[in-house]
Amino acid sequence: MNLPPDPGSPGPLPPAPPANPFEPPPVGSYAGYHGPARYAPPTSSDAIGALVCGIMSWGCFPLGFLALWLGARARRTIRESQGQLGGDQAALAGMILGGIFVGLHVLLFFAYLALFGFGIAFGAFHK
């Protein structure tokens, strides 16, 4: 039963304006809020030193041993700090790099000795 509109009525309402895409959501509507932000603990300076020495041990043989020692010391202090210090991965990476480069330097040293020994044995240095 459709009745004709009253002659004095304003007619249908205009459409609603589109929502503002830049308007923030209402306060309290955030579903994932879990309190204040938690920050990572400070990185151990020994861990940073181990990583730097591990990288630099490519060019300087003794730094590999220093990287191994600093990395082991850093991992022990990080473990004993009960979450107050971070950087365990950096210390481990420094130890791995230091160990790899120490091993490569030792292999190259033995290869050099072998070549020098073959040169002496087979007369490369004789006149």
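Residues numbered from 1 in each chain as written. Predicted model: local features only at pLDDT ≥ 70, side-chain atom pairs only at ≥ 80, totals over all residues. Heavy atoms only, no water.

Chemist: Before we go on, may I ask you to explain the overall build of the protein chain in this structure?
Modeler: Along its length, the protein chain carries three helices and zero strands. The secondary structure elements of the protein chain, listed N-terminal to C-terminal, are α-α-α. Among the 127 residues that make up the protein chain, the fraction classed as buried is 19%. A sequence separation of at least 24 residues applies to 67% of the contacts in the protein chain between residues at least 6 apart. For the protein chain, the exposed area adds up to about 10,400 Å²; of that, 70% sits on carbon and sulfur atoms. (Helix = DSSP H or I, 4+ residues; strand = E, 2+ residues; numbered from the N terminus. Buried < 20%, exposed > 50% of the residue type's maximum accessible area, 1.4 Å probe, protein only. Contact = heavy atoms within 4.5 Å. Areas by Shrake-Rupley, 256 points an atom, 1.4 Å probe, with all protein chains shown as cover.)

Chemist: Help me out: how do you make sense of the pattern of salt bridges in this one?
Modeler: Once the charged atoms of two side chains with opposite charge are near each other, the side chains can pair. With the rule as written, the count across this model stands at two salt bridges. Here Arg73 and Asp46 are joined by a salt bridge, their closest N and O atoms 3.0 Å apart. A residue pair is termed long-range when its members are at least 10 positions apart, and Arg73 in helix H2 (residues 62–80) and Asp46 in helix H1 (residues 45–56) qualify at 27 residues. (Salt bridge = Lys/Arg side-chain N within 4 Å of Asp/Glu carboxyl O.)

Chemist: Honestly, the side chain of Ser81 in this entry has me stumped. Any pointers?
Modeler: Along the chain, Ser81 turns up in the loop between H2 and helix H3 (88–121). Polar side-chain contacts of Ser81 include one of 3.2 Å to the backbone nitrogen of Leu85. (Polar contact = N/O pair within 3.5 Å; in protein donor to acceptor, adjacent residues only side chain to side chain.)

Chemist: So what exactly am I meant to see when it comes to the packing of aromatic side chains here?
Modeler: Aromatic ring pairs are reported here in terms of the distance separating the ring centres and the angle at which the planes meet. Counted by the stated rule, this structure contains five aromatic pairs. Seen in terms of ring centroids, Tyr112 and Phe116 are 6.3 Å apart; in terms of plane orientation they differ by 20 degrees. Their pairing is stacked. A residue pair is termed a helical-turn pair when its members lie 3 or 4 positions apart in one helix, as Tyr112 and Phe116 do in helix H3 at four residues. By relative accessible area, Phe116 is classed as partly exposed at 39%. (Phe/Tyr/Trp six-rings, centres within 6.5 Å; stacked < 30°, edge-to-face > 60°.)

The analysis is restricted to geometry; functional conclusions fall outside its scope.
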